[in-house]
Each structure stands twice: as structure tokens, then as C-alpha cells.
Amino acid sequence: MKKFVSIVGARPNFMKMAPVHKELLKHKKKVTHKIIHTGQHYDRKMSSVFFKELELPKPHIYLGVGSKSHAEQTALIMVKLEKILFKEKPDLVIVYGDVNSTIAAGLVCAKLYRKNGCPIPLAHVESGLRSRDRKMPEEINRILTDNIAEYLFITEKSGYENLISGGFDRRKIFFVGNTMIDSLGDYLLKAGKSGVLKNLCISKKSYALVTLHRPSNVDDKNNLNKILRILKNINKINKYTDIVFPVHPRTVKMIEKFGLKRKFEELKNLIITEPFGYINFLALIKNAKYVLTDSGGIQEETTYLKVPCITLRENTERPITITEGTNVLCGLKEEKIYNSIKKIETGKKIKSSIPKFWDGKAAQRIVHVLLNN
Ligand code: UD1
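Bear in mind the structure is a predicted one, so any value in this text is a computation, not a measurement.

A.B. asks: Just give me the short version of a positive patch on the surface, but keep the residues and values in it.
C.D. replies: A grouping of Lys204, Lys205, Lys286 and Lys349 is seen on the molecular surface, where their side chains present a positively charged patch. Tracing the backbone through its elements, the reader meets lysine 349 in the loop between helix H16 (334-345) and helix H17 (362-372).

A.B. asks: Pulling in residues and values, what's your account of the sheet that holds strand S1 (residues 2-8)?
C.D. replies: Strand pairs in the sheet, formed through backbone hydrogen bonds, run parallel or antiparallel to each other. Strand order across the open sheet formed by seven strands is S3-S2-S1-S4-S5-S6-S7, with parallel pairing between neighbours. Unpaired on one side and paired on the other, strand S3 (61-62) and strand S7 (173-175) mark the two borders of the sheet. In terms of strand pairing, strand S4 (residues 92-96) meets strand S5 (residues 122-127) through four bridges, oriented parallel. Note that in S5 the partner of valine 95 across the bridge is histidine 124.

A.B. asks: Describe unusual backbone geometry, naming the residues involved and giving the relevant values.
C.D. replies: Positive phi is not limited to glycine here, since glutamate 126 has a value of about 80°. Of note, glutamate 126 is situated in strand S5. Phi is positive for phenylalanine 357, which is not a glycine, with a value near 70°. You can see phenylalanine 357 is positioned in the loop between H16 and H17.

A.B. asks: Break down the environment of leucine 152 for me, citing the residues and quoting the values.
C.D. replies: By secondary structure assignment, the location of leucine 152 is in strand S6 (residues 151-154). Through-space distance from the C-alpha of leucine 152 to that of isoleucine 35 is 20 Å; in sequence the pair is 117 residues apart. Excluding its chain neighbours within four sequence positions, the residues that come into contact with leucine 152 are His124, Ser127, Asp146, Leu163, Phe168, Lys172, Ile173 and Phe174.

A.B. asks: Before we move on, can you summarise the pairing of strand S11 (residues 290-293) with the specific residues and values?
C.D. replies: Going residue by residue along S11, you find Tyr290 and Leu292 tucked away on one face and Val291 and Thr293 tucked away on the opposite face as well. Note: strand S8 (residues 207-211) against S11, four bridges, orientation parallel. Residue alanine 208 lies in a different strand from S11, and its bridge partner there is tyrosine 290. Pairing of S11 with strand S12 (residues 309-311), which is carried by three bridges, proceeds in the parallel orientation. What sits directly across from valine 291, in S12, is cysteine 309. On the question of chirality, the crossover connecting S11 to the parallel S12 by way of helix H14 (residues 297-305) is right-handed.

A.B. asks: Explain the nonpolar core residue by residue, including any values.
C.D. replies: The nonpolar side chains of a soluble globular protein tend to be buried with one another. Core analysis: the largest hydrophobic core is formed by 57 residues, its most contacted members being Leu54, Ile94, Phe153, Leu209, Leu284 and Leu370. If we ignore the near neighbours within four places in the chain, the residues touching phenylalanine 153 are Ala123, His124, Val125, Glu126, Ser127, Phe174, Val176, Ile366, Val369 and Leu370. Within the second largest apolar cluster, 30 residues are counted, among which are Ile234, Val247, Leu270 and Leu292.

A.B. asks: Tell me about the site of the ligand, residues and numbers included.
C.D. replies: Near the ligand, the surroundings consist of 19 residues, among which Gln40, His41, Asp43, Glu138 and Arg250 are the closest. In the environment of the ligand, an oxygen atom lies 2.8 Å from a nitrogen or oxygen atom belonging to the side chain of histidine 41. Lysine 253 places a polar side-chain atom, nitrogen or oxygen, 3.0 Å from an oxygen atom of the ligand. Isolated, the ligand exposes 740 Å² of accessible area, and the fraction of that covered by the protein chains is 89%. When residues of the shell around the ligand are traced back to their parent elements, those giving at least two are helix H1 (11-25) and helix H11 (249-257). Looking at side-chain class alone, the shell around the ligand contains five nonpolar, seven polar and seven charged residues. Residues lining the shell around the ligand come from more than one domain, with at least three contributed by each of domain 1 (2-178 + 358-371) and domain 2 (189-345).

A.B. asks: Tell me about the sheet that holds S11, residues and numbers included.
C.D. replies: In space, the six strands of this open sheet follow the order S10-S9-S8-S11-S12-S13, with parallel pairing throughout. Lying at the two open borders of the sheet, with one neighbouring strand each, are strand S10 (270-273) and strand S13 (327-329). Ignoring strand direction, the axes of neighbouring strands in this sheet form an average angle of 20°.

A.B. asks: Give a detailed account of the state of the cysteines, specifying residues and quantitative values.
C.D. replies: Cysteine pairs can be covalently joined through their sulfur atoms, and such a bond is termed a disulfide. Evaluation of the coordinates by the stated rule reveals zero disulfides. The thiol of cysteine 309 is unpaired, and the distance to the nearest cysteine sulfur, on cysteine 330, comes to 9.4 Å. According to the relative accessible area criterion, cysteine 309 is buried, its value standing at 1%.

A.B. asks: So what's going on with the domain arrangement of the protein? Which residues, and what values?
C.D. replies: Taken as a whole, the protein is organised into domain 1 (2-178 + 358-371) and domain 2 (189-345). On a C-alpha basis, the centres of domain 1 and domain 2 stand 28 Å from each other. Taken together, the 25 residues of domain 1 in the interface contact 22 residues of domain 2. Summing both partners gives a buried area of about 1,900 Å² for domain 1 against domain 2, and 55% of it is carried by carbon and sulfur. Of all residues in domain 1, Lys45, Glu53 and Trp358 give up the largest surface area on contact with domain 2, accounting jointly for 28% of the area buried on that side. Across the salt bridge formed by lysine 157 and glutamate 324, the nearest N and O atoms sit 3.5 Å from each other. A breakdown of the residues in the side of domain 1 that touches domain 2 according to their chemical character gives eight nonpolar, four polar and 13 charged.

Criteria and thresholds
Residues numbered from 1 in each chain as written. Predicted model: local features only at pLDDT ≥ 70, side-chain atom pairs only at ≥ 80, totals over all residues. Heavy atoms only, no water. Patch = residues over 30% accessible without salt bridge, like charges linked within 9 Å, V, L, I, M, F, W, Y side chains within 5 Å. Areas by Shrake-Rupley, 256 points an atom, 1.4 Å probe, with all protein chains shown as cover. Salt bridge = Lys/Arg side-chain N within 4 Å of Asp/Glu carboxyl O. Lys, Arg positive; Asp, Glu negative; His and termini not counted. Charge placed at Lys NZ, Arg CZ, Asp CG, Glu CD. Helix = DSSP H or I, 4+ residues; strand = E, 2+ residues; numbered from the N terminus. Pairing = 2+ DSSP bridges. Contact = heavy atoms within 4.5 Å. Buried < 20%, exposed > 50% of the residue type's maximum accessible area, 1.4 Å probe, protein only. Right-handed = clockwise from strand over helix to strand, strands pointing away. Core = buried A, V, L, I, M, F, W, Y, C linked by side-chain atoms within 4.5 Å. Near = heavy atom within 4 Å. Polar contact = N/O pair within 3.5 Å; in protein donor to acceptor, adjacent residues only side chain to side chain. Nonpolar A, V, L, I, M, F, W, Y, C, P; charged D, E, K, R; others polar. Domains from an automatic or database assignment. Axes fitted to C-alpha atoms, helices over the stretch in contact; angles between N-to-C directions. Disulfide = S-S within 2.5 Å. Buried area = accessible area lost by both parts, 1.4 Å probe.

In C-alpha cells, the structure reads:
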């Protein structure tokens, strides 16, 4: 019997892990699977609601590290995890995406040697993505985790190109598709029954959905002021477009710190809410006229759902969402943003397609590789 452990910590990890967990359960005779939650995200709305809605068991082990500086958070996860993995002695550890919990877990595995003299093998789900922006903490996490992992599971072809040009062994690379899209497919039907639009008094395709949490956007007063102006101007382009803005805890903190709370609250047509759970948020993406975001995962979800996405970043590690999907990169360049919105407001459909292997079978492919290699 093999023993696999998944290590997760922050909101986007949970939907990437859920299909892998469910697929592993189908092979109970061959493998056990434990979930360790670092506690990087800990609020109900950022964490436990996702476990409930994704029908995941409570994490088997919870480290409770909470919010800290990057060094403290990464180090504390490592200290706590080392003791646990030393005791658990898993045959394999699986990590997801690019958050601090991902690299912290990877580093522990790389330095914990098993009886056979080898470190704990690591599988990286969502490997190979590169924004080439080293100021993003996630870019550092991605590069380092890939360098430690034995299994590199990629979501799009750019991942393959990045890894090959980075000198990685092609035998370690597996193009499996996107487990976040597996989850999306699994819960779309439930999202169709969500009452969230009714509760917010908005109708289908009549609103813009906004999410912002990148430090480069929200930790800078000038940029937050710019964002305020952009939201105001959405209303000038079309006064009937509502704006739904579920605010990430980091962004709440920054809006308050810079004294901008009242200014946001005074904006016409702006509906400010707390973060939504998974099902309601999927319903909000699916029915949005367009999305303005700086998230990575939402660029993929909008591509799959064929909803126009305006990304408020200068770069993306997910280029397929631009070349094949519905995404445009605008950074905080106001004219570019307004022109993109005006184009969407004409109602003309954007030509797009669903990327290769975003077909709901990524977790199946991953588990097949892990159990047969
Ligand atoms: C983290 C990830 C980012 C991911 C994002 C998704 C890293 C480096 N960043 O960013 O890649 O896109 O999660 O949300 O791993 N907070 C709460 N409650 C929580 C969690 C956080 O109030 O449950 C607040 C705290 O004030 C904290 C701040 O949000 O200081 C930022 O949280 P943190 O986990 O450090 O980074 P995120 O911005 O969430």
C-alpha cells in the first residue's frame, strides 16, 4: 500500500487538489491519501467553506501557521511540516500551484531522506508556468518548486516549453491538463442553482465582476486610487453595468490603511461584498458580462467559460488564456482597459477555444502517472 500526502494552504490550492483526492479514493486498495493544510489561509471564507463545498474531508493535519511575513510563514510551515513528514514517511508528496505553502512543503521534502537514501519524491501540479516577473513571490515559488519536483504536471503547452528551455529532464514532464478546470466542470451544475445573483439583485450578463489582491495593485496607494478611478469610469461607459467586487482580506486591509474605504463605498453601481465560496463565485463568473481581475486562476476559469477577462497585470504565466482564450492583459493602463470594455459592451463575441486537455480528466491522468511510474 502506497502512502501519498497532499499539502495545501491557500484558497486556489483547494480546487486544484479536490479532483486529485477524489481520483485517489478510487484506488483505495493501492494508495492512501492524507491532506495536510498549512493554515496559510484560515478565515472560513478563504478556507473551510471550500473544503465543505468541494466535498473534501476535513484536513487530516492542520498546521495553523496563519499570516506572517514571507520568511516567517515559509519557515514556520517548514519547521512544523518536517516533524510531521518525518513521522508519516509518505512515499510521495503532492503540491499545487505557486503559493508559499507549495515551496515550503517542497523544500522539506527535498531535505528529508528516506531509508533508501533518497529524498521524499515531490509531484508539482501546475508546473512550468512562468510570468518572467521575478518581483512576484509566486514566480520564485514556481521556479524553485519545479527544481525540486520529480513529477512536473503541466496545464498548458507553454509549461513544456519553459521547462525544456530551463534544462529540465523531459521524462519528468507530463502534460495532463488542468485540475482547476476538473473542479469547475464538476460544480458547474450546482453553480447553476446558486441564488447569488438574486441575492445581489443583479441579472445575467449585466454586471462586471472584479477581484484584486496582488500586492503590486493593492499595496500601493497610487494604484488603488487608479483602480478606484477605473471602477468609476465603468459606470461612465455604461451606466447600467453593475460592478460586483468581493474584496480579498489583503485588499480590505489596504483600502482601510490608505483611507479609501468611503470613496469605494460611494461609487455608483458598486456592490462590495466579502469573498464568496466556490459555488457562488463560479455562478458569478459564468454570468458576468466581463471580469476584471489580477488572479491567475480566474484567467483560466473565464477562458473555459468563454467570459471576457481583462487582466490588471503586466504579464501572465498563463499565456494560453490570451492566445486561445478570452483574456487580455491591460495592467493598469487606463485607455487599454476602457477600450477593451467598450469592445465588450458592443456585444460582439470574442473568438476563443478551450485549451488542450482542459477536459475534466487532468486528475485521472495525474493519478495514472503516479500509480504507474
Ligand atoms: C496568497 C498567495 C497568492 C494567491 C492568493 C489567493 C503567496 C505568496 N500568495 O496571497 O499567490 O493568489 O493567496 O488568495 O502565497 N488574510 C486574512 N485571512 C485569511 C488569509 C489572509 O485575513 O484567511 C489576510 C491577512 O491580513 C494576510 C493577507 O490577507 O496578511 C495576505 O494573505 P497571504 O496568504 O499572505 O497572501 P495572499 O495575498 O492571500
